[in-house]
Amino acid sequence: MKNNKELTSMLYQKRILGILCILLAPLCLGFGLFGLKTNLPGWYLSISATYYANSKMFMIGLLFAISVFLFSYQCYDWRDRVITLIEAVSALGIVVFPCKTPGIPETVGIFNINNSISHIIHCIFAAILFLSFAIQITFLFTITKHEMTEKKRRRNMIYRICGIVIFVFLAWQVITSAFKFIPSYVPMTWINEFFMLIAYGFAYLVKSEAIARLNDIK
């Protein structure tokens, strides 16, 4: 059994994770505007592309912080542990293997590998990360070991809506990337990532009891 101090600490950690996810896309894009004269042409097209912009500290730093949190997260059961570890490894993989964008060197990342290979690995990790996010909040956040209260039903509805949002935007990302019918200058990937991270971050804020009206009375 965890005491009140441990439970409070866990809730604050979850709130921090939710806030980090919500802030990731806006910070990468917002602070990138200060480097318009030096950033590569496609720096704004995705969160990952800001790896090559002046705002790369947010992309690298926040994703690394999210990964560390997920590695150290105290899970509820083995299912939660497995999905969280997958998320942690994927978030770290996104940082270690940068994406491809015009104007970058032939070799990139800490392993200095060909940018095309790095891009493929990067995209795989990104897809796994967002898919894991959707699965976790849709199917694991909704589990309860206690009586299903009315507020728990409301929270579950929010989790499922957030999960559906991630599934929809992830599918849309696959479609727009495969068929390329969106003009190249439109930051479609950034938009998709933004909404997926907002959904996941909001679900974590609900899970961390940050929204009082949705909490059960203890």
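None of these values were measured; they are calculated from a predicted model.

(A) Structural context of the overall build of the chain. The secondary structure content of the chain amounts to 6 helices and 2 strands. Going from N to C terminus, the chain has its helices and strands arranged as α-α-α-β-β-α-α-α. Here the C-alpha atoms of the chain give a radius of gyration of 18 Å, agreeing with the 17 Å that 2.2 N^0.38 yields for 218 residues. Counting the 218 residues in the chain, one finds 43% classified as buried. Taking the intrachain contacts of the chain between residues at least 6 apart in sequence as the baseline, contacts between residues at least 24 apart amount to 65%. Summed over its atoms, the accessible surface of the chain is roughly 11900 Å², and 70% of this surface lies on carbon and sulfur atoms. Computing the positive centroid from 20 side-chain charges and the negative centroid from 10, the chain places the two 4 Å apart.

(B) Broad picture of helix H5 (residues 150–179). Counted at 1.5 Å a residue, the expected span for H5 with its 30 residues is 44 Å, and the 44 Å between its end C-alpha atoms agrees. Looking only at H5, the buried set comprises Lys152, Arg155, Asn156, Ile158, Tyr159, Cys162, Gly163, Ile166, Leu170, Gln173 and Thr176.

(C) Examining empty space enclosed by the protein more closely. Considering all chains together, one arrives at 2 cavities of 30 Å³ or more under this definition. As a volume, the largest cavity reaches approximately 120 Å³. Taken together, 15 residues form the lining of the largest cavity, with Leu24, Leu63, Ile94, Leu129 and Phe130 sitting closest to its centre. Within the residue set of the lining of the largest cavity, elements represented by two or more residues are helix H2 (56–72), helix H3 (78–96), helix H4 (115–140) and helix H6 (188–207). Ranked by residue count, the leading element in the lining of the largest cavity is H4, at 5 residues. Tallied by class, the residues present in the lining of the largest cavity amount to 12 nonpolar, 2 polar and 1 charged. Computed from the structure, the second largest cavity encloses a volume of approximately 30 Å³. Met10, Gln13, Lys14, Phe69, Tyr73 and Gln74 together form the lining of the second largest cavity.

(D) Region of interest: the nonpolar core. One finds Leu17, Ile47, Ile166 and Tyr200 to be the most contacted residues of the largest nonpolar core, which totals 48 residues. For this core, the secondary-structure elements that each account for two or more residues are helix H1 (4–32), H2, H3, H4, H5 and H6. The element contributing the most residues to this core is H6, with 8 residues.

(E) Structural context of the packing of aromatic side chains. Scanning the model with the defined rule gives 17 aromatic pairs in all. Arranged with centres 6.1 Å apart and planes meeting at 75°, the rings of Trp43 and Tyr44 form a pair that is edge-to-face. The interplanar angle of 10° and the centroid separation of 3.6 Å between the aromatic rings of Phe133 and Tyr200 together place this pair among those described as stacked. You can see Phe133 sitting in helix H4 and its partner Tyr200 sitting in helix H6, a full 67 residues away along the chain. Phe133 gets classed as buried once you look at its relative accessible area, which sits at 1%. Judged by its relative accessible area of 1%, Tyr200 is buried. Ring pairing ties together the aromatic residues Phe69, Tyr73, Phe130, Phe133, Phe141, Tyr159, Tyr200 and Tyr204, which thus form one cluster. One residue, Arg15, lies across the ring of Tyr12, its end atom 5.1 Å from the ring centre. A cation over an aromatic ring shows up here: Lys207 above the ring of Phe141, its NZ or CZ 5.1 Å from the ring centre.

Rules and cut-offs
Residues numbered from 1 in each chain as written. Predicted model: local features only at pLDDT ≥ 70, side-chain atom pairs only at ≥ 80, totals over all residues. Heavy atoms only, no water. Helix = DSSP H or I, 4+ residues; strand = E, 2+ residues; numbered from the N terminus. Rg over C-alpha atoms; globule rule 2.2 N^0.38 Å. Buried < 20%, exposed > 50% of the residue type's maximum accessible area, 1.4 Å probe, protein only. Contact = heavy atoms within 4.5 Å. Areas by Shrake-Rupley, 256 points an atom, 1.4 Å probe, with all protein chains shown as cover. Lys, Arg positive; Asp, Glu negative; His and termini not counted. Charge placed at Lys NZ, Arg CZ, Asp CG, Glu CD. Expected span 1.5 Å × (residues − 1). 1 Å grid on protein atoms, 1.4 Å probe; cavity = no way out; pocket = protein on both sides within 12 Å on 5 of 7 lines; lining within 4 Å. Points joined across faces, edges and corners; volume = space filled by probe spheres on them. Nonpolar A, V, L, I, M, F, W, Y, C, P; charged D, E, K, R; others polar. Core = buried A, V, L, I, M, F, W, Y, C linked by side-chain atoms within 4.5 Å. Phe/Tyr/Trp six-rings, centres within 6.5 Å; stacked < 30°, edge-to-face > 60°. Lys NZ or Arg CZ within 6 Å of the ring centre and 35° of its normal.

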